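Summary of the model geometry
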Amino acid sequence: MPFFVRLISPQEGAIRDYHHCTTCNSIAVTSDIPVEETPQPNMAAAGANAAETLSPSALLGQRHMIELGTNFTVQTFAVTQVRRPPPKRLLDIGCGLGVGLDYARHALSCDVVGIDPGLLALRSAEALGFPLIRGYFPHEDARLGAPFDCIEGWEVIEHIDTPMDFLEAARESLIDGGLLALSTPNADTINRDTPLSALLSALSPDEHRIIFSPHGLSALLTRAGFPAARLLQDKRGHFFALALRNASEPPSLQPPADSLLNYYRERSEQLAHDAHFSTGFLTKLTVPCLAAGNWPDLRKTLIGADRILKAHWGIDLEDRPAIKARLARTEDDRYLTDVPLTLP
């Protein structure tokens, strides 16, 4: 494979060479060159063995994902927009926020389990109440719920050195006709002329091992026993891969289920004691209400938001001068500790 780029991985203490496959256009790490005797620990990979603390910047990143509802739609995609019966058993690999698990559990009465070594998953499982295995897939404990109707892996496969082993293990954990749903950065959207910030985001040298093209991942899925995959590209430079075990046709899609908005509303009320998740669910309610001009539902949502903001942040939506003063103070608050991230 031709050489693509060389990047430094600060956490791993290594220089990583990436090569480009001329057949499928995927990009992979082909060598790790140590640059120091004692590499820095990769906290994301260490998971349960890492110190159970996060830096202020990492906490801000977690709050960003939760309070702004980032990836809520992605994490519920497989159970709301793929046309098939609701799953009875769902496994989410690298579950992170776990919102897809929470939706399936509450809206579909589905048995769910998440597997993830990270602290975000642990905090989310504690807040939302879904079962969590702290570790990596495949995992002995995950087999207790197998076979599954659906296995999700949002932004996971690019982290794995042996993706074929991962896909084969997923196939063995699915029922015939069971759904495998993946998302990953798209190698077709980057090249040597890609701006450095976008290139670093896609390759993520501290974490990513293989950046697949849709063609490359489709070929690997076929070899792993998923002969028909539906590939969907999004605006973020990522793509979805949806495949059914031992099926000759890919799954079809449907509009998002109405129950998703009902779920957001119910969970915003049930989790009113949690400043971050309640804010995130209310954020996800506000956007479609505005887009549809649904003023009665928007008014209800803003009443809930006002209650949450007053209880957790001491913010009154009717007091505009106080809000302006609070926002002015955020200029000196690097980590925005004094306001919910939806307010700025």
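None of the values given here were measured: they were computed from a predicted structure. Note that residues are indexed from 1 along each chain, following the sequence as it is written. Reporting of local features is limited, given that this is a predicted model, to residues whose pLDDT is at least 70; pairs of side-chain atoms are given and counted only at 80 or more, and all residues count toward the totals for whole chains, interfaces and linings. Computation of side-chain values: all heavy atoms of the structure, hydrogens and water removed.

With that settled, consider the packing of helix H2 (residues 56–67) against helix H11 (residues 275–292). Inter-axis angles, ranging from 0 to 180 degrees, are taken between N-to-C directions of lines fitted to C-alpha atoms, where helices are fitted over the stretch in contact. Numbering of helices and strands runs from the N terminus, with a helix taken as a DSSP run of H or I at least four residues long and a strand as a DSSP run of E at least two residues long. Put simply, H2 and H11 touch, their axes get as near as 7 Å, and they point 40° apart. Taken together, the axis directions place H2 and H11 in an arrangement best described as oblique. Contact residues: Arg63, Ile66 and Glu67 in H2; His276, Phe277, Thr279, Gly280 and Thr283 in H11. Note on residue categories: nonpolar means Ala, Val, Leu, Ile, Met, Phe, Trp, Tyr, Cys or Pro, charged means Asp, Glu, Lys or Arg, and polar means any other residue, Gly included. Residue composition of the contact of H2 with H11, by class: two nonpolar, four polar and two charged. Angular relationships are summarised with four words: roughly parallel below 35 degrees, roughly antiparallel beyond 145, roughly perpendicular across 65 to 115, and oblique for the angles in between. Here, residues are in contact when the closest pair of their heavy atoms is within 4.5 Å.

Taken N-terminus to C-terminus, the directions of H2 and helix H6 (residues 119–128) make an angle of 50°; their axes are 11 Å apart at the nearest point. With respect to their mutual orientation, H2 and H6 come out oblique. Seen along the crossing, H2 lies across H6 with a hand that is right-handed. Facing H2, whose interface residues are Leu59, Gln62, Met65 and Ile66, H6 presents Leu119, Leu120 and Arg123. Tallied by class, the residues present in the contact of H2 with H6 amount to five nonpolar, one polar and one charged. In this scheme the handedness of a crossing depends on how the near helix is turned from the far one: anticlockwise by less than a right angle means left-handed, clockwise means right-handed.

We now examine the sheet that holds strand S10 (residues 229–233). Paired strands, as defined in this entry, are two strands with at least two bridges between them according to DSSP. Within the open sheet, the seven strands sit side by side as S6-S5-S4-S7-S8-S11-S10. Their pairing is mixed. At either end of the open sheet lies a strand with only one pairing partner, and these are strand S6 (132–133) and S10. Where strand S4 (residues 89–93) lies against strand S7 (residues 148–154), three bridges are found, and the strand directions are parallel. Within S7, the position partnered with Leu90 by the bridge is Cys150. Set on the sheet, helix H7 (residues 163–172) makes contact with S4, S7 and strand S8 (174–185); between it and S8 the angle comes to about 145°.

Here the focus is the pattern of salt bridges. A pairing counts as a salt bridge when a side-chain nitrogen of Lys or Arg comes within 4 Å of a carboxyl oxygen of Asp or Glu. Tallied over the entire structure, the rule returns seven salt bridges. Of the charged contacts, one joins Arg63 and Glu67 as a salt bridge, the two residues approaching to 2.7 Å between their closest N and O atoms. Within this pair, Arg63 and its partner Glu67 are both found in helix H2, separated by four residues, close to a single helical turn. You'll find Arg63 and Glu67 in the same group, each marked buried. Here's how the labels work: a residue is buried when its accessible area is under 20% of the maximum for its type, exposed when over 50%, partly exposed in between, all with a 1.4 Å probe on protein chains only.

As a further point, take unusual backbone geometry. Across residues other than glycine, the phi torsion is negative in most instances, and most of the peptide bonds are trans. A cis amide bond, omega 0°, links Phe137 with the succeeding residue Pro138. Take Pro138: it is sitting in the loop between S6 and S7. Positive phi is not limited to glycine here, since Asn71 has a value of about 70°. Using a relative accessible area of 31% as the deciding quantity, one classes Asn71 as partly exposed. With a phi angle near 55°, Glu155 is a residue other than glycine that sits in the positive phi range. In this structure, Glu155 sits in the loop between S7 and H7. The exposure class assigned to Glu155 is partly exposed, which follows from its relative accessible area of 22%.

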